[in-house]
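# Understanding the architecture of this molecule
One letter stands for each residue in the lines below.
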Amino acid sequence: MSFLSPALKLENLPSQPSMNLDHLSEEKRYNKNNIVAKWCAPINGKMYRIELEHGTTSGKRMVWVNGKEVIRRDWMFKLVGEDTFYIDQIRCIIRVDPAPGFKYEYSLFIDGKPHDQYTEEQTKQYRLWLTTIDNIEYRIMLELDTLTLYINDVLRQETAEFVDGGTDTVIQENGIEFILQARSSGNKLSGIVHTLLANHVEIPEAKIQEIMQEPCSILST
């Protein structure tokens, strides 16, 4: 005898992530206390916070990217497995594996690489500056290969101008003049040195690898 109603037969349960909204708003569904794992990574010049909810009794799994729901599985008979999603067309996988003591291990793969390996490679391709001016936080990222510049995840199109010893790129934002200076270090190993000024005051460069360990410090909701 089956104790499942016809609508709850195993063959009728969805095998794909549920993307439908329930009676709660997304803001109310998001609860930091339910997060069991979180990661931070730069993807295509933008910073992303990736968080996982995992109900160890119900099997419920939810994936959040910068506080936005991208995957929701309300009931899972199998408590381990993988979920796939995309960030800016880059394939991401979160894997749940069993661990000793009835616990679980959570892993993130980005573009086919473990999170640590991916972020280590990315930190070599970007420069990052963080500053707060007039109570507004600014996150400026420079992609070294293309010299693409982002301010708070928005692509900027300003053109660099040649000056003595290198180039200056001037960006106006909220009445603030940012100047990205590119100068030769005079050393073949060091290459070009990039300096960022805000209203003619130099902003210290941030260590991306350290920022990765404190994702909420630059991507709070």
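The structure contained in this document is the topic of the report that follows. (Residues numbered from 1 in each chain as written. Predicted model: local features only at pLDDT ≥ 70, side-chain atom pairs only at ≥ 80, totals over all residues. Heavy atoms only, no water.)

Okay, the sheet that holds strand E6 (residues 90-99) next. Overall, antiparallel pairing links the four strands, which are arranged E5-E6-E7-E8 in an open sheet. Lying at the two open borders of the sheet, with one neighbouring strand each, are strand E5 (81-87) and strand E8 (113-114). In terms of strand pairing, E6 meets strand E7 (residues 103-110) through eight bridges, oriented antiparallel. When the sheet's bridge partners are listed, Val96 is paired in E7 with Tyr106. (Pairing = 2+ DSSP bridges. Helix = DSSP H or I, 4+ residues; strand = E, 2+ residues; numbered from the N terminus.)

For the rest of this paragraph, the subject is the environment of Val63. Within the secondary structure, Val63 sits in strand E3 (residues 61-65). In this structure the C-alpha to C-alpha distance between Val63 and Lys38, which are 25 residues apart in sequence, comes to 9.7 Å.

Turning our attention to unusual backbone geometry. Not every positive phi belongs to a glycine, and Asp111 is a case in point at roughly 55°. When you line up the elements, Asp111 lands in the loop between E7 and E8. The class for Asp111 is partly exposed, based on a relative accessible area of 46%. Positive phi, close to 65°, is recorded for Asn135, a residue that is not glycine. You can see Asn135 is positioned in the loop between strand E9 (126-133) and strand E10 (136-143). (Buried < 20%, exposed > 50% of the residue type's maximum accessible area, 1.4 Å probe, protein only.)

Another point: the nonpolar core. If you look at the biggest cluster of nonpolar residues, it comprises 19 residues, and the most contacted ones within it are Ile50, Phe85, Ile87, Ile94, Leu108 and Ile110. Put simply, the parts of the chain that give this core at least two residues each are strand E1 (35-43), strand E2 (46-54), E3, E5, E6 and E7. Those residues in contact with Phe85 that sit more than four places away from it in its chain are Ile50, Val63, Val65, Val70, Ile71, Ile90, Arg91, Cys92, Ile94 and Leu108. With 14 residues, the next largest nonpolar core counts Ile140, Leu142, Ile176 and Leu180 among its residues. (Core = buried A, V, L, I, M, F, W, Y, C linked by side-chain atoms within 4.5 Å. Contact = heavy atoms within 4.5 Å.)

Let us look at the sheet that holds strand E17 (residues 201-203). Pairing between the strands of a sheet is mediated by backbone hydrogen bonds and can be parallel or antiparallel. The sheet built from five strands is open, its strands ordered E13-E14-E15-E16-E17 with antiparallel pairing. The open sheet terminates on both sides in strands that have one partner only, identified here as strand E13 (161-163) and E17. Across the sheet, the mean angle from the axis of one strand to that of its neighbour is 35°, orientation sign disregarded. Looking at chain direction, strand E15 (residues 176-184) and strand E16 (residues 192-198) are connected through seven bridges and run antiparallel. Paired with Arg183 across the two strands is Val193, which belongs to E16. (Axes fitted to C-alpha atoms, helices over the stretch in contact; angles between N-to-C directions.)

Among the residues of helix H2 (residues 115-123), those classed as buried are His115, Tyr118, Thr119, Gln122 and Thr123. Axial view of H2: buried residues confined to an arc of 130°, hence all on one face. (Arc of directions from axis to C-beta.)

It is worth spelling out the side chain of Glu69 at this point. Positionally, Glu69 belongs in strand E4 (residues 68-73). The exposure class of Glu69 is buried, given its relative accessible area of 12%. Within the structure, the side chain of Glu69 is placed 3.1 Å from the side chain of Arg72, a separation counted as a polar contact. (Polar contact = N/O pair within 3.5 Å; in protein donor to acceptor, adjacent residues only side chain to side chain.)

Enumeration over the complete set of coordinates arrives at 11 salt bridges. Residue Asp83 is joined to Arg61 by a salt bridge in which the shortest nitrogen-to-oxygen separation is 2.7 Å. You can see Asp83 sitting in strand E5 and its partner Arg61 sitting in strand E3, a full 22 residues away along the chain. Of the residues examined, Asp83 reaches a relative accessible area of 2% and is grouped as buried. One connected set of salt bridges, linked through shared partners, spans Arg61, Arg73 and Asp83. (Salt bridge = Lys/Arg side-chain N within 4 Å of Asp/Glu carboxyl O.)

With that out of the way, let us pick up the pairing of E5. Note that E5 and E6 share seven bridges and pair antiparallel. Looking across to E6, one finds that Asp83 is bridged to Ile94.

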